[in-house]
Amino acid sequence: MYRLSYAEIMEDAPDLGREREREAFDRALGLLRTAEAQGSRAGPERHAAVGSIQNLWNVLIADLLDPENGLPEGLRADLVAIGLWNMREAGEVLSTPERSLAALIEVNTSIRDGLQ
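All of these numbers come straight from a predicted model, not from anything done at the bench. (Residues numbered from 1 in each chain as written. Predicted model: local features only at pLDDT ≥ 70, side-chain atom pairs only at ≥ 80, totals over all residues. Heavy atoms only, no water.)

All right, on to the layout of surface pockets then. The space that makes up the largest pocket amounts to roughly 630 Å³. Around the largest pocket, the lining comprises 24 residues; the ones closest to its centre are Arg18, Glu21, Leu71, Leu79 and Leu115. Elements with a minimum of two residues in the lining of the largest pocket: α1 (6–38), α2 (43–65), α3 (73–95) and α4 (102–114). Counting residues per element, the lining of the largest pocket draws most heavily on α1, at eight residues. Classifying every residue of the lining of the largest pocket gives 14 nonpolar, five polar and five charged. (1 Å grid on protein atoms, 1.4 Å probe; cavity = no way out; pocket = protein on both sides within 12 Å on 5 of 7 lines; lining within 4 Å. Points joined across faces, edges and corners; volume = space filled by probe spheres on them. Helix = DSSP H or I, 4+ residues; strand = E, 2+ residues; numbered from the N terminus. Nonpolar A, V, L, I, M, F, W, Y, C, P; charged D, E, K, R; others polar.)

Take a look at the structure:
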């Protein structure tokens, strides 16, 4: 039987965390793209898609604000600012049904791609 040391497991943990974050972004982006493609017909789907990106950023912002977060302070501040922009844009999208989801899709695709 092969046994991994704790240090070996911890070395893999950041990669696993990034992979899970990418998967979460992929799910949210899939919903946003589907809703954007449906246009004005996307009523409930649009709300679910925007809600999913809001939920994702709520979790990310909480983690970024945690003093135990290991990222450099400047990067954490930049990511929190991006998260707050996402929250404001999501609110605007929900209050203005004709507003495109393109900005949310573009910014979150860039963030997801940066996790690789």
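The rest of the description comes next.
Attention now goes to the packing of aromatic side chains. What the rule picks out here adds up to one aromatic pair. Ring centres of Phe25 and Trp57 lie 5.9 Å apart, and the angle between their planes is 75 degrees; this geometry places the pair in the edge-to-face category. One end of the pair, Phe25, is in helix α1; the other, Trp57, is in helix α2, and 32 residues separate them in sequence. Each member of the pair, Phe25 together with Trp57, is buried. (Phe/Tyr/Trp six-rings, centres within 6.5 Å; stacked < 30°, edge-to-face > 60°. Buried < 20%, exposed > 50% of the residue type's maximum accessible area, 1.4 Å probe, protein only.)

Further remarks concern the side chain of Arg22. When you line up the elements, Arg22 lands in helix α1. On the basis of relative accessible area, Arg22 is assigned to the buried category, the value being 16%. If we ignore the near neighbours within four places in the chain, the residues touching Arg22 are Arg112, Leu115 and Gln116. (Contact = heavy atoms within 4.5 Å.)

Tracing the backbone through its elements, the reader meets Asn86 in helix α3. In this structure the C-alpha to C-alpha distance between Asn86 and Val107, which are 21 residues apart in sequence, comes to 8.4 Å. Within the local environment of Asn86, its side chain forms a polar contact with the side chain of Asn108, the two groups lying 2.6 Å apart. (Polar contact = N/O pair within 3.5 Å; in protein donor to acceptor, adjacent residues only side chain to side chain.)

A few words on the packing of α2 against α3. Interaxial distance between α2 and α3 falls to 9 Å at its minimum, and their mutual angle equals 155 degrees. Relative to α3, the element α2 lies roughly antiparallel. As for the relative orientation of α2 and α3, their crossing is left-handed in sense. The segment α2 lies against α3, with Arg46, His47, Val50, Ile53, Gln54, Trp57, Asn58, Ile61, Leu64 and Leu65 engaging Arg76, Leu79, Val80, Ile82, Gly83, Leu84, Asn86, Met87, Ala90, Gly91, Val93 and Leu94. Across the contact of α2 with α3, the residue classes tally to 14 nonpolar, six polar and two charged. (Axes fitted to C-alpha atoms, helices over the stretch in contact; angles between N-to-C directions. Parallel < 35°, antiparallel > 145°, perpendicular 65-115°, else oblique. Left-handed = near helix turned anticlockwise from the far one by under 90°.)

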